[in-house]
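Structural description and commentary
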Amino acid sequence: MQIKLHPRPGKALQPRVAAGARGRHPRASAFLGFLAAAWLRGGGWRAGLSGGWLGSEARGRPRAAVLSDDEAVAVRCWRGRLLSLGKGLQNNPAFKCQTTQDKESRGVATFSCCAKIPWVLGALCLHTENHDAARLETSSAKSLMDIGTRRIFSSDHDIFRQSVRKFFQEAVVPYHAEWEKAGQVSRELWEKAGQQGLLGVNIPEERGGIGGDLFSAAVVWEEQMYVNCTGPGFSLHSDIVMPYIANYGSQEQIERFIPEMAAGKCIGAIAMTEPGAGSDLQGVRTFAKKDGSDWILNGSKVFITNGWMSDLVIVVAVTNREARSPAHGISLFLVENGMKGFVKGRKLEKIGLKAQDTAELFFEDVRLPASALLGQENKGFYYLMAELPQERLLIADMAIASCEFMFEETRNYVKQRKAFGKTIAHLQTAQHKLAELKTQICVGRAFLDSCLQLHAAKRLDSATASMAKYWASDLQNSVATQCVQLHGGWGYMWEYPIAKSFVDSRVQPIYGGTNEIMKELIARDIVSDK
């Protein structure tokens, strides 16, 4: 019997019985399901990671398997993952394994086995289920940033988180100060992230993405905040821009852009905000006029994240000025870098997010083909309303993750800094402040994890997403202010991480819809008769 396993980030391995084996062993799927769970959760076997989720230059191309030592055999799986099988299984004559290296297989590990060792698997799965049930929440963990905590995650997410954390620590942290001076990160970073499989994590594989779940995407959001490096605009690119194309784009648009975006070779941005239209999207003035089968685009946008480096911009424009309301006359367009009339203005100098490029964009008689229209004409406002809850959720999750980082940074500082003959941590005032901060952060984390679960089940509504965004971003600014205070004068020095966290926090209640608009949306839901 041959069985192919197709692992995905954040998902259990899914057994698929090869055509020639169907019907021979009716319990094959269950058997391999137990086997997959055991591999991912570690159990009594060694389940390891070598080099992280490596991906490849050409999507799905397998890399050579590596044997780490005589004790275990390493098997190359999808997107470059390595799983190590313990010696006991390796030497069992009932189980043999090999890797397929042909391009068509996409690096899928192919296993030949006969189901003679269910007793091993059964015991192992019982152990791993108990292990997962015992996951700590952040309130009980040693650190708010510990790996292996929070019930919404599995041990598969933990493996992914280790790889993501290593990426940010090695590929981002050492260069971030340099990028802050340049006002942008390097293009090489984007391609490295693509090679690691960190872009388009939650975009379905059949549409050119990685095919992971929402929780895997959240891992990337959180780990970026845990290193206090706000320069890379990965979250906007992967979880705001790419979903518009994946959900509303034509097959041609999906095939053309999504794989390149997942590889980090095409950087995405979305242009909503204008000099005279911010949170009020119905106040957009950028206009696209029909000219035969083409469109002629005119207007300007401001505060566009990834704008300077962008290769592809989703532009919000009015296409019907006679519509019964502005919401009924808005469309979305895909505008590519280099199109005649598309001009990028200066990189804007901000008080925070200094390594994140933010730009003005100008459109002067830009001729767009009919294929540049994203989705249906005059349906853009409805697409925006459908996707904005995810944008607000990721802002909220990154806000709470930033709070967790700031708390741990401050805890470490007060345990070392001395005043009045003892460390600040021994002062009751500081202790009570830390107790308040941790309680507030853990309460916020519990709500955010609930929102993540709701969104993963496609049940997160606009009002709840607005609650998460406004509450978490307000908390982030409150925590930043109090943590700077606990640092004293040193907290005002740019060389200290808490100073960067402080200035980076300030924009969170503004973009993605101001917190005043969030309260308006929440209140509208409260007083509505529907």
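Anyway, here's the lowdown on the structure attached to this text. Keep in mind it's a predicted model, so treat the numbers as computed, not measured.

Glancing now at the overall build of the chain. The helix and strand tally for the chain stands at 14 helices and 16 strands. Counting every position in the chain, which comprises 530 residues, the buried fraction comes to 56%. Accessible surface, the chain: about 23,800 Å² in total, of which carbon and sulfur atoms supply 51%.

For the coordinates displayed, the defined rule picks out 21 salt bridges. Among the salt bridges present, the one from arginine 151 reaches glutamate 137, with a minimum N-O distance of 2.9 Å. Remark: glutamate 137 occurs in the loop between helix 3 (118–133) and helix 4 (155–172) and arginine 151 occurs in the loop between helix 3 and helix 4; sequence separation between them is 14 residues. Classification of arginine 151 as exposed rests on a relative accessible area of 63%. Ionic pairing is found between glutamate 377 and lysine 290, a salt bridge with its closest N-O pair at 3.9 Å. Of this pair, glutamate 377 sits in the loop between strand 14 (373–374) and helix 10 (380–416) while lysine 290 sits in strand 8 (residues 287–291), and the two are 87 residues apart along the sequence.

According to the stated counting rule, one finds 12 aromatic pairs in the structure shown. Ring geometry for tyrosine 248 versus tyrosine 383: centroids 4.2 Å apart, planes at 20 degrees, classification stacked. One end of the pair, tyrosine 248, is in helix 8 (residues 234–248); the other, tyrosine 383, is in helix 10, and 135 residues separate them in sequence. Tyrosine 383 sits in the buried class, given a relative accessible area of 11%. Here the aromatic rings of phenylalanine 381 and tyrosine 382 are separated by 6.3 Å at their centres, their planes lie at 85 degrees, and the arrangement is edge-to-face.

Side chains of residues three or four places apart in an α-helix project in the same direction, reflecting 3.6 residues per turn. Helix length check: helix 11 (residues 428–456) (29 residues) gives 42 Å between terminal C-alpha atoms against 42 Å at 1.5 Å per residue, within 8%. The set of residues buried in helix 11 consists of Ala430, Leu434, Leu437, Ile441, Cys442, Gly444, Arg445, Leu448, Asp449, Cys451, Leu452 and His455. The elements touched by buried residues of helix 11 are helix 7 (214–226), helix 10 and helix 12 (462–487). One or two steps after helix 11, the chain reaches lysine 458, where phi turns positive at roughly 60 degrees.

Once that is clear, we can look at a nonpolar patch on the surface. A contiguous nonpolar surface patch, about 370 Å² in accessible area, is contributed by Trp490, Tyr492 and Met493. For methionine 493, the position within the fold is in the loop between helix 12 and helix 13 (497–505). A residue is classified by how much of its surface remains accessible, and methionine 493, at 33% relative accessible area, is partly exposed.

Our next topic: the side chain of lysine 344. Along the chain, the position of lysine 344 falls in strand 12 (residues 342–347). Of the buried charged residues, lysine 344 lacks a salt bridge, with aspartate 311 as the closest side chain of opposite charge at 5.9 Å. Engagement of the side chain of lysine 344 in a polar contact is seen with the side chain of asparagine 337, the distance being 3.5 Å. Apart from residues lying up to four places away in sequence, lysine 344 is in contact with Gly307, Trp308, Met309, Ser310, Asn337, Glu360 and Leu361.

Attention now moves to the nonpolar core. Counting 100 residues, the largest nonpolar core has Phe167, Tyr244, Ile245, Ile270 and Ile314 as its most contacted members. In terms of residue count, helix 10 provides more of this core than any other element does, 18 residues in total. In contact with phenylalanine 167, not counting residues within four places along its chain, are Val172, Leu189, Lys192, Ala193, Gln196, Leu198 and Phe234. The next biggest cluster of nonpolar side chains, apart from the first, holds 19 residues, and it includes Ala271, Ala288, Phe342 and Leu373.

Definitions and limits used
- Residues numbered from 1 in each chain as written.
- Predicted model: local features only at pLDDT ≥ 70, side-chain atom pairs only at ≥ 80, totals over all residues.
- Heavy atoms only, no water.
- Helix = DSSP H or I, 4+ residues; strand = E, 2+ residues; numbered from the N terminus.
- Buried < 20%, exposed > 50% of the residue type's maximum accessible area, 1.4 Å probe, protein only.
- Areas by Shrake-Rupley, 256 points an atom, 1.4 Å probe, with all protein chains shown as cover.
- Salt bridge = Lys/Arg side-chain N within 4 Å of Asp/Glu carboxyl O.
- Phe/Tyr/Trp six-rings, centres within 6.5 Å; stacked < 30°, edge-to-face > 60°.
- Expected span 1.5 Å × (residues − 1).
- Contact = heavy atoms within 4.5 Å.
- Patch = residues over 30% accessible without salt bridge, like charges linked within 9 Å, V, L, I, M, F, W, Y side chains within 5 Å.
- Lys, Arg positive; Asp, Glu negative; His and termini not counted.
- Polar contact = N/O pair within 3.5 Å; in protein donor to acceptor, adjacent residues only side chain to side chain.
- Core = buried A, V, L, I, M, F, W, Y, C linked by side-chain atoms within 4.5 Å.

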